[in-house]
Structure formats: C-alpha cells, structure tokens
Amino acid sequence: MDKVGVVGCGLMGAGIAEVVARSGTEVVVVETTSSAASEGRARLAASLHRAEARGKLASAEAVLARVRVVTDLEAMRDRDLVIEAIVEDESAKIALFTRLDAIIDSPGAIIASNTSSIPVMKLAVATGRPTHVVGVHFFNPVPVLPLVEIVPSLLTSSDTTERVQSFVAAKLGKQPILCQDRAGFVVNALLVPFVLSAVRMLESGFATAEDIDQGLVLGAAHPQGPLALADLIGLDTTKSIAEALYEEFKEPMYAPPPLLARMVDAGLLGRKSGRGFHTYR
C-alpha cells in the first residue's frame, strides 16, 4: 500500500495524513472546499512544525512534501488504501463509500473508515467490494496516541484484515488491536458510559465540572478528567457515539444525557468551539 488517500482533513484526517506522511508514504487528502483544504493543510503544517520544534521530527517541510491536499474525490482513483475521516454521520459515510467504490480503479484497493461507532457492515454493503472494507479507528491526537482499532465486518476478508494490521504496525508504527464489529468497538464501548456518567453527575448538581475532573486526575491518576476528555473529543462526536451505542445495545447507560444534547444544540462543542464543559481561549 504505497499510495494512500485520506478523505477529510479535520482534526482526525489531518492527524492520519500526518502519521502516514511521517512513515515515508505519499498521501493525498481530499476536502470538500478550497477553504477547508487550506485550513486542513495549515493544521497539518502547524502540527509538524510543533513536532520539529520539540525535536521529534527532523524536517517538517520534508514530511509536508509528501502530502497533497485537494478538493476532487477523483484523486482517490489510483489509491491502494483510502481512509475515510469525515463527520460521524452514518448517511454521509454510506454515501461516500458508494462514491469511492465507483471511483477507485483497483479491485484490490482497501476502503477503511475511521468511524468510532458506526457498524462497518453498513459501510461495506454500500460498496461492491465488501471484502475490502474495514474499520481503522485512530485516536486523538493521532500523532501521539499509539492505539488503532482494526474492525473487520462479517464480510471483510482475512487478507484485508492482515494487510491493514501489517500496514498499521509495520509501516505506521502503531499498535493495532482487533475488535468485533459492534458499536463503540473496545475503547468507546467502555469509555463513553464513563464520560456520560460524569455528565449526569454534573447535570444533577452533584459536583462542579472542575471538581469532577480534578477528582479523576488527582484521585485516579487519569491524565485528564472525563468532562475535559469529552471537550477534546467534541461534544457532538461524543453524543453521536452515545446514540450509536444506545441504538445497538438499548442500555440506559449509553443514552445521551439531556445536558449533553442541549450543549450540542447550543454549539458548545468543546475545544473546537472554544467552550464546552470548560472554556478555552
């Protein structure tokens, strides 16, 4: 898989493109508009220059030279591996997978999704190559966190799974774990109920956001509190994952609390909007 494509250059897409390019692999990234493409490339460049300033990278410009950000999905035509990293919306992802299937030339090319909660099977059957569709879930911040969840559907071939595992481990230097195609996979199925419990605690007036987060940082050695984590993930994404989990399992612990839904409605999405459970400047 020498030619890699990434669809989406937001926080996750830019991070995925960065780790691919840092591995020495050429990567083409597609965004919807010229302004989004410019913002995405600037996001990627800023991350690489920070890494260079910290001595973790020899040359940011050398890595950037391996990245091309465009606005035409046709650029995915010659790719060996395409990783989707768009908004966590089932209908949008299904529509994209149908388009990618029609565009990509090689019948052996793999189409992967960075979805954190949507069943991979729903994406696979939207294509004519379900054996070559797989979930490849990175974690934010992508250049820092080593874990990648590999999620084959019931139709994903063992060859596809093995090729992707090898690419993630040997090429990208990440640590893959294999997950069943269930909403939330391993990490979010465990993590999101914990975050939602913290939201309910705040909602009930049991403690402030600051005290909830301090309690977990200082009392349980967590690197950050659950509400700060939700702000980092994005409250809209947190809500989408919770809804997918609840739809699949119908367990009350997965249901998004009303406070979370109201904050998303208000545009208080966490770090990316400047305000969530905490305020950011």
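You'll find the structure just up there.
Since the structure is predicted, the reported quantities are computational estimates derived from the model, not experimental observations. (Residues numbered from 1 in each chain as written. Predicted model: local features only at pLDDT ≥ 70, side-chain atom pairs only at ≥ 80, totals over all residues. Heavy atoms only, no water.)

Another point: helix α4 (residues 90–103). Its 14 residues give α4 an end-to-end C-alpha distance of 20 Å, which sits within 8% of 20 Å, the value for a rise of 1.5 Å per residue. Three or more residues of α4 are buried, namely K93, L96, F97, L100 and I103. Considered in projection along α4, the buried side chains sweep an arc of 125° and stay on one side of the axis. The outward face of α4, more than 90 degrees from its buried face, is lined by the exposed residues S91, R99 and A102. Where α4 is buried, its residues touch β1 (3–7), β4 (81–84), β5 (110–113), α5 (120–124) and β6 (133–138). (Helix = DSSP H or I, 4+ residues; strand = E, 2+ residues; numbered from the N terminus. Expected span 1.5 Å × (residues − 1). Buried < 20%, exposed > 50% of the residue type's maximum accessible area, 1.4 Å probe, protein only. Arc of directions from axis to C-beta. Contact = heavy atoms within 4.5 Å.)

Time to look at the sheet that holds β4. Either a parallel or an antiparallel arrangement is found when strands of a sheet pair, and the pairing is made through backbone hydrogen bonds. The strand order across the open sheet built from eight strands is β3-β2-β1-β4-β5-β6-β7-β8, with neighbouring strands paired in mixed fashion. Each end of this open sheet is capped by a strand with a single partner; those strands are β3 (67–70) and β8 (175–178). Adjacent strand axes in the sheet meet at a mean angle of 25° when their direction is disregarded. Direction of pairing for β6 relative to strand β7 (residues 147–152): antiparallel, over a ladder of five bridges. In the sheet register, V136 faces β7, and the bridge partner there is I150. (Pairing = 2+ DSSP bridges. Axes fitted to C-alpha atoms, helices over the stretch in contact; angles between N-to-C directions.)

Our focus in this paragraph is the packing of aromatic side chains. This model, assessed by the stated rule, comprises one aromatic pair. Ring geometry for F249 versus Y254: centroids 5.5 Å apart, planes at 35°, classification tilted. We classify Y254 as buried; its relative accessible area is 8%. (Phe/Tyr/Trp six-rings, centres within 6.5 Å; stacked < 30°, edge-to-face > 60°.)

Scanning all chains against the criterion turns up 13 salt bridges. Note that R22 is salt-bridged to E18, the shortest N-O span being 2.9 Å. With a gap of four residues between them, R22 and E18 both fall in helix α1 (residues 11–22), about one helical turn apart. You can call E18 buried: its relative accessible area is 2%. We note a salt bridge from K122 to E90, for which the minimum N-O separation is 3.4 Å. Within this pair, whereas K122 is found in helix α5, its partner E90 is found in helix α4, the two being separated by 32 residues in sequence. Each of K3, E26, D78 and R79 takes part in one network of salt bridges that share partners. (Salt bridge = Lys/Arg side-chain N within 4 Å of Asp/Glu carboxyl O.)

What follows concerns the packing of helix α10 (residues 235–249) against helix α11 (residues 258–265). Contact pair α10 / α11: the axes reach a minimum separation of 9 Å and the direction vectors enclose 135°. Here α10 lies oblique to α11, going by the angle between them. The way α10 lies across α11 gives a crossing that is left-handed. Residues L235, D236, T238 and K239 of α10 touch α11, and the partners they reach there are L260, A261, M263 and V264. Grouping the constituent residues of the contact of α10 with α11 by class yields five nonpolar, one polar and two charged. (Parallel < 35°, antiparallel > 145°, perpendicular 65-115°, else oblique. Left-handed = near helix turned anticlockwise from the far one by under 90°. Nonpolar A, V, L, I, M, F, W, Y, C, P; charged D, E, K, R; others polar.)

There is a patch of nonpolar side chains on the surface, built from V125, L154 and L155 and spanning about 330 Å² of accessible area. With respect to the helices and strands, the residue V125 is situated in the loop between α5 and β6. Given a relative accessible area of 54%, V125 falls into the exposed group. (Patch = residues over 30% accessible without salt bridge, like charges linked within 9 Å, V, L, I, M, F, W, Y side chains within 5 Å. Areas by Shrake-Rupley, 256 points an atom, 1.4 Å probe, with all protein chains shown as cover.)

The two faces of the sheet receive side chains in turn, since in a regular strand these alternate between them. Of all five residues in β1, four are buried, a share of seventy percent or more. Pairing between β1 and strand β2 (residues 26–30): five bridges, direction parallel. Counted as the bridge partner of V7 is V30 from β2. Assessed by its sense of winding, the connection that carries the chain from β1 through α1 to β2 is right-handed. Bridging between β1 and β4 involves four bridges; their strand directions are parallel. Looking at the pairing, V7 lines up with E84 of β4. (Right-handed = clockwise from strand over helix to strand, strands pointing away.)

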